[in-house]
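Examination of the molecular architecture
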Amino acid sequence: MGYHVVSFEERIKENIRSYAIKNLYSIKDLEKYLGAIVDEYGVELLLTDRHGERAITLGNFDGFVPDVVNQPGEKLRICNRTVGHLYVKYDKVLEERKENAQKFVDLSLSLLARLGNEVYMHRESISYMEELELKLNKEHYQNKYGEKEDILTGVYSKNYMEIRMNVLDRAEMVPVAVLNININDWKFVYDKFGVDESDSLIQLVASIVMNEAKSEYIIGRIDGDVFLVLIPMAEENEAEDYAERIQKACLAYNENTVLAPSVAIGIVYKTNVEEPLKDKISDAEYEMFNNKLEIKSAPGYKERLERGLQK
């Protein structure tokens, strides 16, 4: 499974969900601006966030509980998403000024929407350009060093693993343990938390795989969430013991409320010098899927995976 950079259009649609009023405006300046409307017309204003939490109160709203679902007031929308609700009381406005007061409030809400949209687009554009620049730098590094090292994790790249397999084949070395290690529900982390957290999960699993390995183990990343490990001259149960250490280390990890590493591991052996190691990868992948089904059906797996939703 690969991974990719989210397009700017997708980013704009999704990231506004995480913006609050305080992220788009200076609350102090916004309160001054709305205060000027109150002073000029005598209206009373209450501005809440998208969930109804009060942000600015100008007037008497004692006992008033905002119902943003059934009585949302005037919605403050940025990029087609509601980020706030403006409740307006005209009780103290002179009758002959109510029409002008309502027009001014509507115009002000439109102005705030345009201003918030400009701030949001500016911030996201800068952030996106910085991420693209970082990606280009990574790709430049990958073009230079990618024939051996995977830049994200520090293990061997897919191309270099093929070279190492060819070397082992030519040496007619047997037995060789072949382990396919796949991160369980990596796509779940990517969809829920984005590329940074999903990359962190890949790096975390890579560190566990490396920490539990012996120096002679050959470790590479052959797909976005897949690692390949070769153990030349593997002793009896050596690969199985190594796999068990990896899975125990994953289960023991509790330093982050989002990342809950879990891996499925398939193990096969090359015992015939005539058989290319490359042919054993699909066999190891088949065993990995069997292990994945077993792990994901185990009690408590889903609860541990979803603990990140509480972040």
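Whatever comes next refers back to the structure up there.
Residues numbered from 1 in each chain as written. Predicted model: local features only at pLDDT ≥ 70, side-chain atom pairs only at ≥ 80, totals over all residues. Heavy atoms only, no water.

As a further point, take the sheet that holds strand β5 (residues 176-183). Hydrogen bonding along the main chain pairs the strands of a sheet, whether they run parallel or antiparallel. The antiparallel open sheet is built from 4 strands, whose spatial order is β6-β7-β5-β8. Of all strands in the sheet, those bounded by a partner on one side alone are β6 (218-223) and β8 (263-270). Across the sheet, the mean angle separating the axes of adjacent strands is 20° when strand polarity is ignored. As paired elements, β6 and strand β7 (residues 226-232) share 5 bridges and run antiparallel to each other. Residue Gly220 lies in a different strand from β7, and its bridge partner there is Leu228. Helix α8 (residues 238-252) rests against β5, β6, β7 and β8 of the sheet, and its axis sits at about 170° to β8. (Pairing = 2+ DSSP bridges. Helix = DSSP H or I, 4+ residues; strand = E, 2+ residues; numbered from the N terminus. Axes fitted to C-alpha atoms, helices over the stretch in contact; angles between N-to-C directions. Contact = heavy atoms within 4.5 Å.)

This brings us to the sheet that holds strand β1 (residues 44-49). The 4 strands lie next to each other as β2-β1-β4-β3, forming an open sheet whose pairing is antiparallel. For this open sheet the edge positions go to β2 (54-58) and β3 (74-78), each flanked by a neighbour on one side alone. The mean angle between the axes of side-by-side strands here comes to 15°, regardless of whether they run parallel or antiparallel. Taken together, the 5 bridges between β3 and strand β4 (residues 81-89) define a ladder with antiparallel strand orientation. Bridged to Glu74 within β4 is Leu86.

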